[in-house]
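Observations on the three-dimensional arrangement
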Amino acid sequence: MALDTKVPMGEPEAMRWASELEDVGFVRRILMARKWYHADWWFVTISAVMVVGFIVLALVPQVFASFSPQEQVGPRYLAPGESPDVEALIAPVDSGFSTVGDLAVGERISVAVVMGEPSSEAVRDESDRVNAAFKEQGIDAQVSLRIERYETLDAALTGILDGDVAVAISSSKAFEELAENYPTLNDVGPVAPGVNTRSFPLGTNQLGQDVLSRLIWGTRIALIIGFSSSLVSLFIGVPLGLFAGFTGGKIDRALTVLMDSLYAFPGLILAIAITAVLGPSIFNVIVAIAVLYIPTYFRIVRGQTLSVKESLYVEAARSLGAKARVILSRYVYPNVIPSVAIIFSVNVADAILTGAGLSFLGLGLPPTTPDWGIDLARGQETIQTAWWLITFPGVAVMLVVLAFTMMGEGLMEIFNPKLRER
Amino acid sequence: MHPLLLTFLIIGVPAGIGLVYIFVRGTSSMRRYIVTRIALTLPMVLILATLVFFVLRILPGDPVTSALGPKGSPEVKEQLRENLGLSDPILIQYGRFLGNIVTFDFGESLVGAHRPVSDELGERLPATIELILPATVLALLIGILFGTWAAARRKRASDYGFRLYSVVIYAMPIFWLGLLLQLLFGKVLGWAPIAGRIDAIVGTTLDRTTNFIVIDSIISGNWTALGSALHHMILPTLTLGLVLSGVFVRLTRINVIETLQEDYVTAANARGIRKHAVTYRYALKNAMIPVITLIGLQVAILLAGAVLTETVFSWPGMGRYLVERISSRDFTAVQSTITMFAIFVAMISLAVDIIYSLLDPRVRY
Amino acid sequence: MTEPVFSIRNLFVEYATRDGDVVAVDDVSLDIRKGEILGLVGESGCGKTTLGKAMLRMIQPPGRISGGEMWFGGRDLMTLTEREMQTLRGRRLSMVFQDPMTSLNPLEKIVDHIVETVMTHEPGVTEAAARDRAKDLATRLGILENRIDDYPHQFSGGMRQRVMIALALALNADVVIADEPTTALDVIVEAQFLDLLRELRDEFNLTIVIITHNIGVVAEVADRVAVMYAGRMAEVGEVGEFFGDTRHPYSQGLLKSVPNIDMAEQHLYTMTGSPPSLLRPPPACRFHPRCPHAMVCCTTEQPRFAEVGSDHSAACWLYLEHPNKHPLERVDA
């Protein structure tokens, strides 16, 4: 590096070298921050990604959810990944039968069913339907069945091999268990066509609704409640806090006492009271939860306003004739905004938790809403048999709350100079 | 004896004795502080009760219609309204409300057997206390321990581990944790019961004088009952305690970190005081002060958690009572229960402040 | 000349910051003699406090001592384990801090502070014996006996500072490092404090290092002066020689900046410019951007120490031989 021999008197050379750093772009700054903040950087970044992800899910759930959350799309209580058990047609491999309609061979055909199973009803229903369809289409064929009852599926299947019956009807699962003993027999398909044989990645609930789709749609409700109530609290609490901190005096004292009492009171209980009286609707839930968090914003903002108001540089500014508006905007706002951002993040998390708690208790939301809390409450009844009904909604709540909390925590470590290493 | 009164005596007498002891042994400024603080409790209860009163009245929705449903004829509704005093001007209602609180007259339940609400509360308050107390102790132990460890091992793997623990466990909805514990330890492993305070059959053998099952079983020497009660306490206490510990880990960690950066810690290090002495005697003791005040504020979380835990585990406490009564639209019971909660909060707040003054000499002088 | 009681050799202390590494103490060597009061002077941020803390090896991350030796009691402190350092701290090396208000544990009584220090380093001593020693020490320093059971917040600033000294002396330390001990005190209390320091030095044969930005304090009480600038040592000398014949341009500027009641001029003298950022310090001599005598060599090579008196040296090319001592052309900014 060539050194000037001409050096302006008095300018610290270091200033010129240091200014290079400020020309670095925003993205590079973020990546450089990683080296300094280490794991805290990961905290914030991962949670920010998660938050964005959840927001996307909430905005366009129909893109990600395969089904509507209210629709019954499959049999009830289907385990994750499990195929539903349907009544199926069991036929020899070379028989050429693939549907009940194929059984219209011109004469009566013997069909084996196992006693006590709904198989005979299923095959009869289907044959009736097929016959009606044939008639309508003018096809001169009819399915005519003779039902043979057997005690066990084994006997029924043996019956096919022995030639006593042509085919058998049984639940596909039951057949699956015995399938390897009967290599020449095949499950050629469900008796009733169009019946749903698909499995669902997270299973179905007690109303046959797809758990995954409900989870995705539930994101929308959760985030709506979380964001709306936090925003309402913010827009009421922050101005009140600024006002109280700045004005002081009796008004300040009265407001503070009110807010402190509200703050001390268990939030959920107050929310329970409010929703119970107002009635179940998402709007009421938002209002109830919003009320709970107003004191939080109020206290922090008021505290910051007070300390800034009394700090020396504000006194100095005042002595130079700065108006209240200027003091507020130049000194108070910049100090307050980082805190408010952090509180907001944590608040959304808390609001979602409270909302889930309310709907778990059966209060607040109309019972048809696709909401995680409601799902958890319903799942409680069948907790031992259908473990997936409580597991996944709970994980969903946890992940969303985690994302927002981690973001708030990480932001706090970064913004708070006292906790940073000096 | 009135069950509510009994409960208050059971808590109040030892607390009172402790208070008197502090009073007598303490300095004059300590006494002044205690007196002032107790005097402040009254306005606090007043404010909270007023809040409850007005919230329940201002909000739209007619309690009488809710309680009777559509089947009530207008005359019956009018009668009920009169009985409840809802047709009187609001200030008179308010006055009566305050008067009732002082005499513990909480009216009668609007549903079922119309029992006096104070009786029902009296039976359930001890249940809630028996849940909250061990849960808080558990939460404190875990919280302070983990928090201090995390602070002492700042920026190392275990610090992040503890922070992750505190954040994850608080993010879990408490009722979900309860359900999971029920599933795992109750149903799958079968190690602990998942509902109620005590085994139904064993419960009939117990003489319930105070409604504190632990106390009652010890008094009457009914060890099976004690065992059953403790067994039933495990899962609910674990649920509530674990979730609460997340908050305490965070609080303790932050406060200990801040304290460790204080000048007097540096000065102590400069005098060669050993690291663990510095951590525990200097940092922790000083950090505990803000933590303890904040514990007072966690009461809100504690009671909210209690409501949910009681619901999940069918624990017959005040929280579950509140939820039940709301479902059955029992206005009187709901109002009284919430008022009771408010008083509870005020009392705990008082206790915390007095303990705080014991720890921090700066407050008293 | 006898062996110095504490000898710093080529010490480097670095801090990692978000924007890069900062060298707070850059190749500093200093000898501290037994029984003397050494004044370590410099502006805020020049590294003097860091040097003081480094002497007790109390640099916390993100800072670290990255090089050099510190000889005390026949051993290089850099080779000791943390445990061994802990036995030295408080006992043979002690520190008095700047702000007595925050340096005392608000939850502990004054007497307990001293008792705890004694018992940590002399485990054989009973609590009662330690209490007696504490009482003795406190009264020696002018603290009334009936007040030793009080809490720190009940004392005034001056009294608290005496408590700090008591703590530093509790175990008859060899070297006491006082970091800005009078900054938080008013002038009268400051004068009393300095008198006290002198008495204690005479009575206990202490070695005291006073770190301060107040050159007046140094003039009052020090035997020798060491001036630091931007992490490096600029000038070291016996106090009479230093004030009588200041050599380094920075020290000269410092002295000229102190207002004087005899001053005839209307304007206060100020040095141009401001202390450099230690992130990217000026090359070679750090003072050259502000130095009225700057030469070309000052921008290319760091000056060594030059003997300028019998007990006086300065790190400046003005007093050393160099091929290119051409004056630096200045552009008037």
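Given the structure is predicted, the values throughout are model-derived calculations rather than measurements.

**Digging into the overall build of chain C**
If you tally the helices and strands in chain C, you get 10 helices and 13 strands. Expected size for 333 residues packed as a compact globule is a radius of gyration near 20 Å; at 21 Å, chain C falls within 12% of this value. Principal-axis analysis of the C-alpha atoms places the extent of chain C at approximately 70 × 50 × 45 Å. Residues counted as buried form 54% of the 333 residues belonging to chain C. Sequence separation of at least 24 residues holds for 63% of the intrachain contacts in chain C that already meet a minimum separation of 6. Taken as a whole, chain C presents about 14500 Å² of accessible surface, with 50% of it coming from carbon and sulfur. One finds the centroid of the 33 positive side-chain charges in chain C at a distance of 4 Å from the centroid of its 47 negative side-chain charges.

**Notes on helix 7 (residues 157-171) of chain B**
Look at helix 7 of chain B: 21 Å from first C-alpha to last across 15 residues, which is about the 21 Å you get at 1.5 Å a residue. Inspection of helix 7 of chain B places B:Asp159, B:Tyr160, B:Phe162, B:Arg163, B:Ser166, B:Val167, B:Ile169 and B:Ala171 among the buried residues, and these make up the whole buried set.

**A few points about the side chain of A:Thr219**
Residue and element names in this part refer to chain A. Among the secondary structure elements, Thr-219 is positioned in helix 8 (residues 211-247). Judged by its relative accessible area of 3%, Thr-219 is buried. At 3.0 Å, the side chain of Thr-219 and the backbone oxygen of Ile-216 are in polar contact. Contact partners of Thr-219, with chain neighbours within four places excluded, come to Phe-54, Leu-57, Ala-58 and Trp-372.

**Describing the interface of chain B and chain A**
Listed as interface residues are 50 residues of chain B and, on the opposing side, 50 residues of chain A. Here chain B and chain A share zero salt bridges between them. Taken together, the elements giving at least two residues each to the side of chain B that touches chain A come down to helix 2 (28-58), helix 7, helix 8 (174-188), helix 11 (223-260), helix 13 (275-312), helix 14 (318-327) and helix 15 (331-359) of chain B. Here the side of chain B that touches chain A gets eight residues from one element, more than from any other, and that element is helix 13 of chain B. Considering only residue class, the side of chain B that touches chain A consists of 38 nonpolar, four polar and eight charged.

**Thoughts on the packing of helix 6 (residues 117-152) of chain B against helix 14 of chain B**
A pair of packed helices can be characterised by two numbers: the angle between their axes and the separation between those axes. Residue and element names in this part refer to chain B. Closest axis-to-axis distance for the helix 6/helix 14 pair is 8 Å, and the angle between their directions is 135 degrees. If you check the angle between helix 6 and helix 14, you find them oblique. Contacts from Val-117, Glu-120, Leu-121, Arg-124, Leu-125 and Thr-128 of helix 6 reach helix 14 at Met-318, Gly-319, Tyr-321 and Arg-325. Residues that form the contact of helix 6 with helix 14 fall into these classes: five nonpolar, two polar and three charged.

**Some points on the domain arrangement of chain C**
Residues and elements named next belong to chain C. According to the domain assignment, chain C consists of domain 1 (4-92 + 173-268) and domain 2 (105-170). Between domain 1 and domain 2, the C-alpha centre-to-centre distance is 26 Å. Facing 17 residues of domain 1, the contacting portion of domain 2 comprises 11 residues. Here domain 1 and domain 2 share an interface that buries about 1100 Å² over both sides, 66% of which is from carbon and sulfur atoms. Considering only the side of domain 1, the residues that lose the most area to domain 2 are Arg-91, Phe-193 and Leu-196, jointly responsible for 32% of the buried surface there. The interface formed by domain 1 and domain 2 includes zero salt bridges. Inspection of the region where domain 1 meets domain 2 yields two residue pairs in polar contact (both at pLDDT 80 or more).

**A look at the packing of aromatic side chains**
A complete count under the given rule lists 15 aromatic pairs over all chains for this structure. Look at A:Phe360 and B:Phe175: their rings are 4.2 Å apart centre to centre, the planes differ by 15 degrees, and that puts the pair in the stacked class. In this pair, A:Phe360 is assigned in helix 13 (residues 324-360) and B:Phe175 in helix 8, connecting two distinct chains. Comparing A:Phe360 with B:Phe175 shows no difference in burial state: the two are buried. An angle of 25 degrees between the planes, with centres 6.1 Å apart, marks the rings of B:Phe146 and B:Trp149 as stacked. Here B:Phe146 pairs with B:Trp149, and both are found in helix 6, just three residues apart, close to one helical turn. An aromatic cluster is defined as three or more aromatic residues linked by ring pairs; in this entry it consists of B:Phe146, B:Trp149, B:Phe162 and B:Tyr165. Lying over the aromatic face of A:Tyr263, A:Arg299 brings its terminal NZ or CZ to 4.3 Å of the ring centre.

**Quick word on the sheet that holds strand 5 (residues 167-171) of chain A**
Residues and elements named next belong to chain A. Reading across the sheet, the five strands line up as 4-3-5-2-6 and stay open at both edges, with mixed pairing between neighbours. Two strands bound the open sheet, and with one partner strand each, they are strand 4 (145-150) and strand 6 (185-190). Averaged over neighbouring strand pairs, the angle between their axes works out to 30 degrees when direction is ignored. Examined bridge by bridge, strand 2 (residues 87-92) and strand 6 share five bridges and lie antiparallel to one another. Opposite Ala-88, over in strand 6, you have Pro-190 as the bridge partner. Where helix 5 (residues 119-137) meets the sheet, its contacts fall on strand 2, strand 3 (109-114), strand 4 and strand 5, and the angle it forms with strand 4 comes to roughly 170 degrees. In this fold helix 6 (residues 153-162) packs onto strand 2, strand 3, strand 4, strand 5 and strand 6, with an angle of close to 155 degrees to the strand it touches most, strand 5.

**Thoughts on a positive patch on the surface**
A cluster of basic residues, A:Arg108, A:Arg124, A:Arg146 and A:Arg149, forms a positive patch at the surface. For A:Arg146, the location among the structural elements is in strand 4.

**Quick notes on the sheet that holds strand 12 (residues 312-314) of chain C**
All names here are of chain C. Read from one edge to the other, the open sheet built from eight strands follows the order 6-7-8-3-9-10-12-11, with strand pairing classed as mixed. If you trace the sheet from one side to the other, it starts and ends with strand 6 (93-96) and strand 11 (306-309), each paired once. This sheet shows a mean twist of 20 degrees between the axes of neighbouring strands, independent of strand direction. Pairing of strand 7 (residues 175-179) with strand 8 (residues 207-212), which is carried by five bridges, proceeds in the parallel orientation. Following the sheet pairing, Val-175 is matched in strand 8 by Thr-207.

**Things to note about unusual backbone geometry**
For B:Ser314, which is not glycine, the phi torsion reads 50 degrees and is therefore positive. Within the secondary structure, B:Ser314 sits in the loop between helix 13 and helix 14. Relative accessible area serves as the criterion here: at 31%, B:Ser314 is assigned to the partly exposed category. Notably, C:Glu180 is not glycine yet its phi reads approximately 45 degrees, a positive angle. Note on placement: C:Glu180 falls in the loop between strand 7 and helix 6 (187-204).

**Quick look at the pairing of strand 4 of chain A**
Residues and elements named next belong to chain A. The pairing of strand 3 with strand 4 spans six bridges and is classified as parallel. Opposite Val-111, over in strand 4, you have Ile-147 as the bridge partner. Between the parallel pair strand 3 and strand 4, the chain is carried across by helix 5, and the sense of this crossover is right-handed.

**Describing a negative patch on the surface**
All names here are of chain A. On the surface, a cluster of negative charge is made up of Asp-85, Glu-117, Glu-176, Glu-177 and Asp-187. You can see Asp-85 is positioned in the loop between helix 4 (61-64) and strand 2. Residue classification places Asp-85 among the partly exposed residues on the basis of a relative accessible area of 42%.

**A word on helix 14 of chain B**
Residue and element names in this part refer to chain B. Burial within helix 14 is extensive, with seven of its 10 residues counted as buried. Within the span of helix 14, buried status applies to Met-318, Gly-319, Tyr-321, Leu-322, Val-323, Arg-325 and Ile-326. Positive backbone phi, approximately 60 degrees, marks Arg-329, located one or two places after helix 14.

Reading the values: rules and limits
- Residues numbered from 1 in each chain as written.
- Chains lettered and ligands numbered in written order.
- Predicted model: local features only at pLDDT ≥ 70, side-chain atom pairs only at ≥ 80, totals over all residues.
- Heavy atoms only, no water.
- Helix = DSSP H or I, 4+ residues; strand = E, 2+ residues; numbered from the N terminus.
- Rg over C-alpha atoms; globule rule 2.2 N^0.38 Å.
- Buried < 20%, exposed > 50% of the residue type's maximum accessible area, 1.4 Å probe, protein only.
- Contact = heavy atoms within 4.5 Å.
- Areas by Shrake-Rupley, 256 points an atom, 1.4 Å probe, with all protein chains shown as cover.
- Lys, Arg positive; Asp, Glu negative; His and termini not counted.
- Charge placed at Lys NZ, Arg CZ, Asp CG, Glu CD.
- Expected span 1.5 Å × (residues − 1).
- Polar contact = N/O pair within 3.5 Å; in protein donor to acceptor, adjacent residues only side chain to side chain.
- Salt bridge = Lys/Arg side-chain N within 4 Å of Asp/Glu carboxyl O.
- Nonpolar A, V, L, I, M, F, W, Y, C, P; charged D, E, K, R; others polar.
- Axes fitted to C-alpha atoms, helices over the stretch in contact; angles between N-to-C directions.
- Parallel < 35°, antiparallel > 145°, perpendicular 65-115°, else oblique.
- Domains from an automatic or database assignment.
- Buried area = accessible area lost by both parts, 1.4 Å probe.
- Phe/Tyr/Trp six-rings, centres within 6.5 Å; stacked < 30°, edge-to-face > 60°.
- Lys NZ or Arg CZ within 6 Å of the ring centre and 35° of its normal.
- Pairing = 2+ DSSP bridges.
- Patch = residues over 30% accessible without salt bridge, like charges linked within 9 Å, V, L, I, M, F, W, Y side chains within 5 Å.
- Right-handed = clockwise from strand over helix to strand, strands pointing away.

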